Amino acid sequence: MAIECLVLGAGQQVGKSCVVVSMNGKRIMFDCGMDMAYHDHRRHPDFSRISEYGDFDKALTCIVITHFHLDHIGALPYFTEVCGYRGPIYMTYPTKALAPSMLEDYRKVMVERRGEEEQFTSEHIVECMKKVIAVDVKQTVQVDKDLMIRAYYAGHVLGAAMFYTKVGDSAIVYTGDYNMTPDRHLGAAQIDRLQLDLLITESTYATTIRDSKYGREAEFLKAVHKCVLGGGKVLIPTFALGRAQELCILLEDYWERMNLKIPIYFSSGLTMQANMYYKMLISWTSQKVKETYSTRNAFDFKHVLNFDRSMISAPGPCVLFATPGWISGGFSLEVFKQWAPSEMNLITLPGYCAAGTIGHKLMSGKPSKIDLDKDTQLDVRCQIHQLSFSPHTDAKGIMDLVKFLSPKHVILVHGEKPKMATLKGRIYSELGIRCDDPANNETVCIPSTHHVEVGASNTFIRSSLNPNFNFSKMSSEDESDSRLKDGKFMPWLQVKDERAAEGILVEEKGKRAKIVHLDEFLLMLGEKKHDIRFAYCFPINTDNLEDTKSTDVSSSSNALSVSGRSSWLPMLYIKLSDELSGGNIQYFGEQIQVESFSVSLCLKDRCPYRIVDSPPNKCEAVFFCCAWSIADEKLAWKIISILENRNYGTL
Amino acid sequence: MDRDLPNSSCEQSIRSSSENPAEDSLSPETLASLRSLVITPSTPDTTISSIFQTLTRSLQLSRDPLVLHHTLKLLSDLASYRPSLSSSVSELVRSHALLSSDSTRLAAESLDVLASIAEREGTPVDLDDRSFVSLCFGPSVSVRSWLLRNAERFRIGPHVLLTTFLGFTRDPYPYVRKTALDGLVGLSKPSVVEDLDMIQACYCRAVELLLDTEDYVRSAAVRAVSAWGLMLVAFNLKTKLYWSDNLFVKLCSMGRDMSMEVRVEAFDALGKIEIVSVDILLQTLSKRVLGTTKEMGSFGQCPAAEVERSASSVAGVLVHGLEDEFYEVRKSTCHSLRTLTIISAEFSEKALNLLMDVLNDDSMFVRLQALETMLHMATYGLLKVQGTHMHMFLGSLMDGNMSISSATRKILKLVKLPNLETFKLSVDGLIDNLERHPQDEADIFSVLFHIGRNHGKYGVSIINEVFEEMEPPSEGKLGFDTARVAALLVLAISAPLSHGQHACNIPPIIFSYAVTLLGRISVALTDVMNQDTLLAYLSQCSRSTRFSAMEFNLREDKPHLPAVTIASLSHSSNEINSTVGSPFQQGEDGAANLQYQAIREPMEVASLHFGYPLEVQDEVIRSMNLILAKVKDIWPLIQSGFTNEVLRVLRSFKEELATFASGSLRFVGDVAFALQYLQVVKQLAKVWEHFLPARKLCSGMGELDIALGKLETSLREMRSRFTGLSLKQELQILELLLLTFTLRLSKVESCCQVASLKKLSTTASHVESILKLGSIEPSNFMSEVSKLSYLTRTSSFGAPCDPFLFKELLKYFSLEQFVVFGTIGHIKAELVVPDNDAENHLPFVPRLPVGIPCEITLHNICSENKVWVRMTMDDESTQFVFLDLDHFGSSDEVRKFTYVVPFYRIPSALSFILRICIGMECSFEDVPSVKRYGGPDRELTYLCQEKEVHLSMVGEH
């Protein structure tokens, strides 16, 4: 059975994540995001590809949402309330808690500020959230008889999760956005080593490799400390959730250690409310926050006070967190106007600012004047510090995850096309895993594991219960070529335990397939065990044997008598003993035996195993017949080459 | 004896089973009662031997595996409780269970019995290799893993074990694989394996298991890879680097495992590698794959793809380790850097950049480990501090955590600073540190001295810049008490001892200024010179630094060398140093030796002077006070009923305190006091549970009364068993006693209201009398209690008070912090009755008194204390004997003597056991007097554990 992967969004782009995966008759939609860059129908995934007639309930088994960012959840109310999907939706508890306010915020901005047509109403959001089933990390949820999903911690934002999905024998992981390095408030992504057919991973930073965050933190602290020591004010514009908490924990910790008394303010509004969410959802935060929770909640900021508008022009140093992050308006802009003209002050900027915002203008070079609007110009003399904390994993992290999970197949989404191509190449060349980066509305089909349920005989079960390991030594001729097999070092001595491999799968007509033990199998067939033996009959030039033959035999060499013939074998024995180091060579009169290899004189005129019919000089050659079993194939050819006086390897 | 009564039914059942051999299976009830007989020491031998017979029969005849299991368990108990039977048990088990049973599980259980008997007796279990292996090959997985885990107990030949372990790394059961790997780790000794093929096989097998699906198998695999990899590395000098690189890469590939345990193991293992190619090492610090790693050939003749794979698994692994989410991993990474930095200077320089950033870590453990790694680097001369590091580095001087700032200072003593700028920053940092934490003065002075000596040139140039600042103000008063000036003085006087001849540039007058700080400076410099020497040195330099520079005969190669005699030293130093303790004065006349000791740990030197480590004592007291401060902080937890958390926290405090007890003898009393206090808080927490709103009243008043009783006893001990308590401390104990009485009175159902009320009022009046003595402010609770107790005293006497009034009082209480000063003595006694135990009895003659020879040691008991020996018999009849302390030694601190205690009430028995103990009369007014004929007048506080003395009639033993 194949797994079909229809990419409705985030194919070779960052935005509107939406992937529909069909496996073993189930169809799951992962994420239902919207693209903020468009304001027409392109902002939503093309749902018509799921079902032509709009019968989504039949077409989809369930929807899984990884986290509350709009590019992962933005189109959900539209899909459920306008398009009419009524099936189950799964997301984590924090996502369920935080999603409504994110969606509502977005709706307000769209409708009230920009005066756009409403995609969905507040009621729609409420109705939509009613369909949501919340899950916890590592909780296994049986969606129906066959479909199982399980969330794994993904870092990134509060409540972000990766989802493991299993239908029958096919298993995949969809990561959503994730972070492989922890920050001050969220942990790193964490997942078990699973057997996977497919991994669908984000690739926002498909080629970026980030250095240690310690350095960036130290720089940030140093800049802030310097500024407040000099009596300046620090403005940290952030969005309410995520960065604000991380930076605040960082500052709190530093303040505590350095015993600083300078006030840190949060502008009122969403941030304080967000802190409350963090306090409640403590189990979704980083290890450190969880550990100290019993003594002190890390989000109960000791040094943080509420900011009042009147304090903007109050004298003395302070640190202020204000929304929004891009200084595109609101309170952070108001404060910026007041503080920017003084050299003593410091403005920090988030890693990314949308074009057209003041943040973006400040990032590009260091302007001394900024046009607020047509008529107003602002002198910017303050210091500017750019932060580069990103909640996404970098290329190294993606590779690490892929390597750890070692799935059979990888699909990249949520990234930029050229960078994805580079990463795709790396995954194939370094890890040997096939990888795709489909564009939007493309479908990728990949083969999946298919298990057959079989019965097992008692003898087989008993034999697998008892240990049955054995050691094998590589023979010395393997030295040159195969000690480094696939670049891996192979030791001489190896240990194997093949108790499960010894079973035989029997499929009889009308009966269930069954695994039986080898002995049973023979009994079932009423047959005896047959050994495959190879046989080979070859001439040996008697001249070659002259070297080892005693003189009295050589005198009558041109007329081979029967008695003369019988003396050939001892001579071969001597020759073999000389040249074959090791190995148990035995001489039984009629034949020579080395392990399973045996050689004897061939007295037949027409031996079926004879390949070379006529030796160059018939009278000087004697034919020998030899046989061996497959296990000793290499040994056999080595002996033959010794006997034929040829160098091993020319065969 | 009445104790035999319940046993009789068991004996019947034994008898019935012995009479009826057909009934071979024992019921669970019988087995249980047999067990109770076995573990009771007083069960007579005859019963035991019949139990043994019953068990023997059961083992021989029973087929039921459950019964056999229990029988074996009982036999094992029998052997451990009755050592005399152990050889017969072992024989029985060996002859029957082990050989006859066809169940491997049973065989393993019998092996366990045999092994535990053998271990007690110190003899080996004779299990031959073949039976061990065949047992291992049985189908039961649990038996298999048990055998593998316990293989060491059976002394199986190492070669058999090795193959067995190696084979079982292929087991389909992960737990068996893990056990097999752990077994392999244990065998990775050159003495066991000499065969290269074998080592390679084990190493490669372990490497394969690095990819196991189970966390714990991977974690064991990392240990095994490390152990066998190191064997392989050590095997041959020629291939050393190859295998070391190989091992390093393998371990690095586990640094990004998803399991924290695996990562910790991986980084721990990395720290054990002593040699590795530099380019691989450098790659661990960069997440980007470096060009050099790609090109280099140290991965042997591997194909290019393999080299790339190795490089990418190594890439940035240490960076990842240092920014891991779990502090355990970060700490382990910091630790592994200690060995890795030694390998390459280039690497150590780059690693230092990272380590400096780690000083910003949120976990104290990680920061501390990073500093320790730096200290390690500094001792190897690898610590190349740069200007960019200074902000982070000096920041940790300001760290609120004592151990962090002191670790930083240790590094500063050794560090080599690159330029004047960084030197100035460091000195400013230290001065800042001193201003904020004046209690660390000695340590900071010492650092300044060392840093000045290590950087003489910079020191001189700073001193000359700020010289005017150090001049006393014009009025002629010496004003060196500002921290800054003092610090600069210390820096200045270190200059003449540095390498160069810069000392000449220090104005001599500075040395005279420094003399005024002699005491403070000499405390700081105990690791360098004693006070007399310091004075001699200072006065010498103040006359002429030129002279001293010559006289000191400083050599370039060994700058801190050797003894130089300075003549004529005035004895007036004694007056100057009056602030410091006398141990520094050596009492030599006229001259003293300037004994310049090369850098020595201050502790070592201090211990030369005092006989005990100087730093430790301050540290101990400080740490103890820190803990005691934390105890105060858990009061809200107790109040809100988080009893389990409180108990856990207290347990951890107790463990912490216990470490001090083992460290220094000097503070035994203080430690004991603190431990006793923890005990009190623990009991208080348990009592408080009963006063929580949610708690139902039906919880049983008996329970509460017992808890309160324990609390009171502990408090009384705290009050009576320690000497040298300050008034404040005594008040605090009394307050806790008041609290106990108030608690008792505030429960309606509690009994002894009148007695408690009386105790409360006597204690309250005692508190008042203490308050009159000193200038201590009473706490809210104390004043409220004394108001109430005054009321009850004046109101119509005898009427029980309203419990709700007392309940109201509880609101006022909060725990206050105890502060110890190292002055407390612990009153305790040790009592030994020599040559007496269960085997050796003391003889007595019926109806005649018997003398019991006791070796008694009393600590901190003065002659005013009334000390008694109490002797109790099984029937609780008690006899007291008074110890007149005037007869035994004069010292109050420790009295050691032997005293033959007479015992008169000899019972009419063949033998008996006497419980003997030493107690001291409490001299507190709230303790009721006991009227006992010939006994103590007041309640006793017992000073030691009860000792059992065995006596038997002459001729009976």
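Please read all numbers here as calculations on a predicted model, not as lab measurements.

Draft legend 1. Examining the overall build of chain B more closely. Helix and strand counts for chain B stand at 42 helices and 13 strands. The buried share of chain B, reckoned over its 957 residues, is 52%. Pairs at least 24 apart in sequence give 72% of the contacts found in chain B among residues at least 6 apart.

Draft legend 2. Spotlight on a nonpolar patch on the surface. Residues A:Ile532, A:Phe534 and A:Ile630 make up a contiguous nonpolar surface patch of roughly 310 Å² in combined accessible area. Take A:Ile630: it is sitting in the loop between strand S34 (621–629) and helix H21 (633–643).

Draft legend 3. Representation of the sheet that holds strand S3 (residues 26–30) of chain A. All names here are of chain A. One open sheet holds the seven strands; their spatial order is S6-S5-S4-S3-S2-S1-S22, and the pairing between them is mixed. Every interior strand has two partners, whereas the edge strands, strand S6 (132–135) and strand S22 (443–447), have only one. Neighbouring strand axes in the sheet, compared pairwise and without regard to direction, differ in orientation by 25° on average.

Draft legend 4. Spatial organisation of the nonpolar core. One finds B:Phe154, B:Trp228, B:Phe248 and B:Met374 to be the most contacted residues of the largest nonpolar core, which totals 185 residues. Considering every element that reaches this core, the biggest residue donor is helix H12 (residues 215–235) of chain B, with 11 residues. In this view, B:Met374 contacts B:Leu352, B:Leu355, B:Met356, B:Leu359, B:Leu383, B:Phe393 and B:Ile411; residues no more than four positions away in its chain are not counted. A:Val19, A:Met110, A:Val173 and A:Ala206 belong to the second-largest nonpolar core, a separate cluster that totals 131 residues.

Draft legend 5. Representation of the pairing of strand S16 (residues 346–349) of chain A within the structure. Residues and elements named next belong to chain A. With burial as the criterion, each face of S16 is covered, one bearing Leu346 and Thr348 and the other bearing Ile347 and Leu349. Direction of pairing for strand S12 (residues 233–237) relative to S16: parallel, over a ladder of two bridges. In the sheet register, leucine 235 faces S16, and the bridge partner there is isoleucine 347. Pairing geometry for S16 and strand S19 (residues 383–386), over four bridges, is parallel. Of the residues in S19, the one forming a bridge with leucine 346 is glutamine 383.

Rules used throughout
Residues numbered from 1 in each chain as written. Chains lettered and ligands numbered in written order. Predicted model: local features only at pLDDT ≥ 70, side-chain atom pairs only at ≥ 80, totals over all residues. Heavy atoms only, no water. Helix = DSSP H or I, 4+ residues; strand = E, 2+ residues; numbered from the N terminus. Buried < 20%, exposed > 50% of the residue type's maximum accessible area, 1.4 Å probe, protein only. Contact = heavy atoms within 4.5 Å. Patch = residues over 30% accessible without salt bridge, like charges linked within 9 Å, V, L, I, M, F, W, Y side chains within 5 Å. Areas by Shrake-Rupley, 256 points an atom, 1.4 Å probe, with all protein chains shown as cover. Salt bridge = Lys/Arg side-chain N within 4 Å of Asp/Glu carboxyl O. Pairing = 2+ DSSP bridges. Axes fitted to C-alpha atoms, helices over the stretch in contact; angles between N-to-C directions. Core = buried A, V, L, I, M, F, W, Y, C linked by side-chain atoms within 4.5 Å.

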